[in-house]
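The chain contents come next:
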Amino acid sequence: MRHTISILVENKTGALARIAGMFSGRGFNIDTLNVGPTLDSSASRMTIVVRGDDKVLEQVTKQLNKLVDVIDVQDFHDEEYVDRELVLLRVTATSKTRPEVMQICDIFRAKIIDVQADTLAIELTGSDNKIRKFLTLMDRFGIKELTRTGKVALPRSND
Amino acid sequence: MKTKKTSSKSPKAAPDRGQLTDGASILVNCLEREGVDVIFAYPGGASMPIHQALTKSKKIRVILPRHEQGGVFAAEGYARVTGKAGVCMATSGPGATNLITGIADAYMDSVPLVAITGQVNQDMIGRGAFQETDMFGLTLPIVKHSYLVWDINDIPRIVKEAFHIAQSGRPGPVLIDIPKNIQNQRAQPIYPKEVALRGYNPVVKADDVAINEMIGLIQGAKKPVIYCGGGVITGEASKELLEFAERTQIPVTTTLMGIGSFPETHPLSLKWLGMHGTVYANNAANEADLLIAIGVRFDDRVTGKVEKFCEHGTIIHIDIDNSELNKNKLVRLPILSDLKYALSRANGILEKQGLKRAKSFTRYPEWYKLIDGWKKKHPLSYNDTPDAIQPQHVIKLLNELTKGEAIITTGVGQHQMWAGQFYNYSEPRTFVSSAGLGSMGFGYPAALGAKVALPHKEVIDIDGDGSFLMNVQELATAHIEGIAAKAIILNNQHLGMVVQWEDRFYSSNRGHTFLGDPRDLKRIYPDYVEICKGFGVKCERVLHKKDLRAAVQRMLDSKEAYVLDVMTPYTEHVLPMIPAGATYKDIITE
C-alpha cells in the first residue's frame, strides 16, 4: 500500500540526510520525495510517498517523530487531502504527429512549453492516475526525457 | 493520523553575556556551565585549541585515555553509573572514527553521551584535507542528534541543546563536530538559559485511562509477570517499580540492561530472562497470562522467536519512546509515558484500592508454586571442580567477598553472562555492560569511567582474555591517572562464547577462536602479569582454586588498579541457553 506523509522539518543542514538515512537504515522504501520551503523560512516541508502496510507506516511515523529536527508529521488518509505532481517531458513530435500530441495535451490540460523541430516539451500537473494515463499515451510518440517532482499534498481542512 | 509535537518552552530568562574570547574557551565555558567535571579526551591537530583551553579550566578534569575508544567507553562508564552525560573528545579523522564504536554502543543502550570532535577548517571541509572525515555523516544513524558547528555564535546554544537532548527522554549520544578555525575565532558568547526545540518534547505522561486499564488487566490476571529493562534505570524509576511489585505481588524479571532495577535478592525476583537467563524467568515470562513490559524493547536476545514470545499472554508495554511501542511485538495495551510517573501514578491508584505493600506474597499461590517448582528444578548451577577454577565460582566468590555491593563492569562474551548470573545485584547502575551492541573491550575503560565518577565505590571489571586485550592500553590510563579500578580476567585462552557456539552448532571445529600460542600450547599467552608490569599495574595470576580467595581479597584490598589473571577451563559453557531464533521450550540446560 502507498501512503503519503507530509513532514514539517527544521530547515537545517543534514535534516534531509537524517530523514533519508532513517528510511534506508530501517529498511523502509521511499517511492517519491519532495522538499520545498514553507511560509516559515526556518522550516521546510517534505512530502514522502512510502510503500508498506499499516505496521510499517506506524513505525515510519514514529521514527520520523523521534528525530529532533522533525517538527510535525502528518500521515494522509484517502479523501483527507488533495495531491498533485508536476511532470516535465520531451516527446518526439514530427510535423506529422504534432497535431495529435497537441490534441492529447489539450484534453489533459497539459501545456506545451517549448517547441523544437522534432520534439515538444510538455508540462503537466495532476494526480497519479492522470499522469500515468497521459504518459501511456505519450509513450506511443516516444518520450525522450522525463522529470517528475514527486507528489506534493495539502490537507483539505485543519484537523 | 496526525501526530503533532508540542514545542518545548520558549526562552524566557535573559541570556548571560560572556567575555570576548576564542571558540575553544567558549566551548569549555559551556561544558563547565553544564556541570561537566571530567572529560575523556585524546588530543590531535584539530582539537588542540580546546585542549589548550581545558588546561585553564579549574572545574574540569581531563583524563587522557590511550585510545579514543577507551575514552568513549570510559565516558559511557561514567554516564551509566551516574545518569549524567559522559563527555569524551577526539580530534578529526582517525581520532573521531575511533569514537564510533562507543557512540553506537551508547545509542544501542540509551546512554547519555556528548562526544566532541575536532574538524578541519571550514574552508577545507569536503576537499579531502589531512585527517578529514565527514563525522556528521558517519554518525547519523547512531546518534540521538548531532551538530556540525558552522558559526562561533552558535556554540553556547548547541552545547546547551546537546546536553539537554542527551540526558532527557530516552537518553542517547549527541555529537558536536567543531572545525578548528571556529575554535580559534573570537567572539563574545551569549549563553542561553533555556533550550527551545520545537521538534523535541521528551516528557510524556500516561493518562489515567491507560493506567486504570492496566490495573484492570492486573485484577483479572492469574499468572502475571513484570518484565523490566534499562528504561527503569535511566528513568530513575527503581523505587517506584519495587513499590509497584510489592503492591501487586507480581514476580519480576529483568533484561540484562535492567539488572539492578529490581533487587535480585527480593523474593519476587526471577533474575533475568533471555538467551542465557534463568529457566524460571523464561518459563514465567512465556507462560504468563499477563506480561507487563516496562522500559524494554523486546530485543531478540530476550524474546528468541518474537512471534512465539509470551504467545498466549496479554501484553502491556510502557515506554518513554513511542517508536518502541508495537515495534518488535504487537501488544494489547501500549502506554507512552515517563516510567517514574506511570509507576507512581499506578501505585497511587493501587493504594486507594487498598492494595498495601506486602512483605510476604500470597496473592497468586498457584503461580508462585509453579515458579518455585521451576526454581528448584533449574537453579543457576555449574559443576564445581576441586582444583581447576570454574569461572562461575570466581564470580560467586566475588559476590560473597564484596557482599554484592561492588559496581561490576564487563566485556562481552561468556564472562559477561556469568557476571550477570552469579553476582546478585540489588541497586540500579551497578551492572555496567555493553548489552545492545555487544562491544568487546568495553569492560576496563568503562570501569575507569565508573571509578572516576564514584571513587568511593569498589569498581571491578569482570572480563575475558579476548575482551580485555582489546583495550589493554587503558592500563596506562589507570596507572597514570591513579584510578583504582580492578579487573578479573577469566582467562581461558579462547574466545569462549564463540567456542561455545562452535561446540553446539559447528561440531567443535575451531574457526580462529584460540587466543593462545599455537606453537607452545603449555605457555599462557599473552602474559598479562608481564603486560601489567610494563604498565606499572599490579597483577597476579591464579592457577589453583585454593589460592583464589586470598588472591581476590588482595585485589579488593588494593588501593590502586589491580588485575587478577584467573586461569579457567575453556570447556565450560554458559547455561541455560536458548539458541538464537528459538523459543523457551528449546532451552538447553546441560
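Values in this document were obtained by computation on a predicted structure and should not be read as measured data.

Here we take up the overall build of chain A. Assigned secondary structure in chain A consists of four helices and nine strands. Helices (α) and strands (β) of chain A occur, in sequence order from the N terminus, as β-α-β-β-α-β-β-α-β-β-α-β-β. A buried classification covers 29% of the 159 residues belonging to chain A.

A tally of helices and strands in chain B yields 23 helices and 23 strands. Taken against the 2.2 N^0.38 rule, which gives 25 Å for 590 residues, the C-alpha radius of gyration of chain B at 25 Å falls within 12% of a compact globule. Seen through its C-alpha atoms, chain B measures out along the principal axes to roughly 70 × 70 × 40 Å. The 590 residues of chain B split such that 53% are buried. Across chain B, contacts joining residues at least 24 apart in sequence account for 76% of those joining residues at least 6 apart.

Below, the discussion takes up the sheet that holds strand β23 (residues 562-567) of chain B. Residues and elements named next belong to chain B. As summarised here, the arrangement of the six strands in space is β19-β18-β20-β21-β23-β22, forming an open sheet in which the pairing is parallel. The open sheet has two free edges, formed respectively by β19 (431-432) and β22 (538-542), since each of these has just one partner strand. Most of the contacts of helix α16 (residues 391-401) go to strand β21 (residues 486-491), to which it runs at about 160°, and overall it touches β20 (459-464), β21 and β23.

What follows is about unusual backbone geometry. All names here are of chain B. Along the chain, Tyr 525 connects to Pro 526 via a cis peptide bond; the corresponding omega equals -5°. Tracing the sequence through the fold places Pro 526 in the loop between α21 (496-505) and α22 (528-535). A cis amide bond, omega -5°, links Leu 575 with the succeeding residue Pro 576. Along the polypeptide, Pro 576 turns up in the segment after β23. For Gln 131, which is not a glycine, the phi torsion comes out positive at approximately 55°. Within the fold, Gln 131 resides in the loop between β7 (113-119) and α6 (135-139). Positioned with a positive phi, Phe 298 is a non-glycine residue whose angle comes to about 50°. Position of Phe 298 among the secondary structure elements: in the loop between β15 (290-294) and α13 (300-303).

This paragraph deals with helix α2 (residues 54-66) of chain A. Over its 13 residues, α2 of chain A runs 18 Å from end to end, which matches the ideal 18 Å to within 8%, given 1.5 Å per residue. Turning to α2 of chain A, its buried residues number three or more, namely Val 60, Thr 61, Gln 63, Leu 64 and Asn 65 of chain A.

Accessible area lost on assembly of the parts is the figure often given for the size of an interface. Residues and elements named next belong to chain A. What the domain assignment reports for chain A is domain 1 (2-76) and domain 2 (82-155). Using C-alpha coordinates to define each centre, domain 1 is positioned 28 Å away from domain 2. Contact residues are listed per partner, giving nine residues for domain 1 and seven residues for domain 2. Secondary structure elements with two or more residues in the side of domain 1 that touches domain 2: β1 (2-10), β2 (29-37), β3 (43-51) and β4 (70-76). Looking at the side of domain 1 that touches domain 2 element by element, the count peaks at three residues for β2. Of the residues in the side of domain 1 that touches domain 2, the class split is three nonpolar, six polar and no charged.

Attention now goes to the nonpolar core. Judged by nonpolar contacts, the single largest core of 187 residues is most densely connected at Cys 88 and Val 114 of chain B. Those residues in contact with Cys 88 of chain B that lie beyond four places of it in its chain are Ile 39, Phe 40, Ala 41, Gly 71, Val 72, Ala 75, Leu 99 and Ala 115 of chain B. In terms of nonpolar packing, the next biggest core, distinct from the first, is built from 12 residues, Ala 93, Ala 110, Ile 122 and Leu 124 of chain A among them.

Residues and elements named next belong to chain B. For chain B, the assigned domains are domain 1 (16-191), domain 2 (208-377) and domain 3 (391-567). Averaged C-alpha coordinates put domain 2 and domain 3 at centres separated by 32 Å. With 12 residues of domain 2 at the interface, the matching set in domain 3 holds 12 residues. Of the residues that constitute the side of domain 2 that touches domain 3, the class distribution is six nonpolar, five polar and one charged.

Here we come to the environment of Ala 79 of chain B. Residues and elements named next belong to chain B. Within the secondary structure, Ala 79 sits in helix α3 (residues 68-82). Sequence separation between Ala 79 and Thr 117 is 38 residues; the distance between their C-alpha atoms is 18 Å. When residues no more than four places from it in sequence are discounted, the contact partners of Ala 79 are Lys 84, Ala 85, Gly 86, Val 111, Pro 112 and Leu 113.

Every contact between the two is made by 22 residues of chain A and, on the other side, 20 residues of chain B. Secondary-structure elements contributing two or more residues to the side of chain A that touches chain B are α1 (15-25), α2 and β4 of chain A. Among the elements that take part in the side of chain A that touches chain B, α2 of chain A stands out by supplying seven residues, more than any other. Class assignment for the residues of the side of chain A that touches chain B results in five nonpolar, nine polar and eight charged.

Turning next to the pairing of β23 of chain B. Residues and elements named next belong to chain B. Of all six residues in β23, five are buried, a share of seventy percent or more. Two strands pair when backbone bridges link them, and β22 and β23 are joined in this way by five bridges, in the parallel orientation. Bridged to Lys 538 within β23 is Tyr 562. Crossover handedness for the path β22 to helix α23 (residues 545-557) to β23: right-handed.

The next point concerns helix α5 (residues 100-108) of chain B. Residues and elements named next belong to chain B. Most of α5 sits out of view: seven of its nine residues are buried. Residues of α5 that are buried sit in contact with α3, β7, α6 and β9 (173-179). Phi turns positive, to about 55°, at Ser 110, one or two residues after α5.

Our focus in this paragraph is the packing of α3 of chain B against α5 of chain B. Residues and elements named next belong to chain B. Relative orientation of the contacting elements α3 and α5 amounts to 25°, with a least axis distance of 8 Å. Between α3 and α5, the angle falls in the class roughly parallel. Judged by the twist between their axes, the crossing of α3 over α5 is right-handed. Residue-level inspection shows Gln 69, Val 72, Phe 73 and Glu 76 of α3 in contact with α5, the latter providing Thr 101, Gly 102, Ile 103, Asp 105 and Ala 106. In terms of residue class, the contact of α3 with α5 is made up of four nonpolar, three polar and two charged.

Let's shift gears to the pairing of β9 of chain B. Residue and element names in this part refer to chain B. Along β9, seven of the seven residues are buried, which leaves the element largely enclosed by surrounding structure. Residues of β9 alternate between two faces, with Pro 173, Leu 175, Asp 177 and Pro 179 on one and Val 174, Ile 176 and Ile 178 on the opposite face, all of them buried. Direction of pairing for β7 relative to β9: parallel, over a ladder of seven bridges. For Leu 113, the partnering residue across the bridge sits in β9 and is Pro 173. For strand β8 (residues 145-148) and β9, the ladder comprises four bridges, and the chain directions are parallel. The residue of β9 that forms the bridge with Leu 148 is Asp 177. For the handedness criterion, the β-α-β arrangement of β8, helix α7 (residues 155-167) and β9 is classed as right-handed.

About the criteria used
- Residues numbered from 1 in each chain as written.
- Chains lettered and ligands numbered in written order.
- Predicted model: local features only at pLDDT ≥ 70, side-chain atom pairs only at ≥ 80, totals over all residues.
- Helix = DSSP H or I, 4+ residues; strand = E, 2+ residues; numbered from the N terminus.
- Buried ≥ 20, exposed ≤ 12 C-beta atoms within 10 Å, placed from the backbone.
- Rg over C-alpha atoms; globule rule 2.2 N^0.38 Å.
- Contact = placed C-beta atoms within 7 Å.
- Pairing = 2+ DSSP bridges.
- Axes fitted to C-alpha atoms, helices over the stretch in contact; angles between N-to-C directions.
- Expected span 1.5 Å × (residues − 1).
- Domains from an automatic or database assignment.
- Nonpolar A, V, L, I, M, F, W, Y, C, P; charged D, E, K, R; others polar.
- Core = buried A, V, L, I, M, F, W, Y, C linked by C-beta atoms within 7 Å.
- Right-handed = clockwise from strand over helix to strand, strands pointing away.
- Parallel < 35°, antiparallel > 145°, perpendicular 65-115°, else oblique.
- Left-handed = near helix turned anticlockwise from the far one by under 90°.

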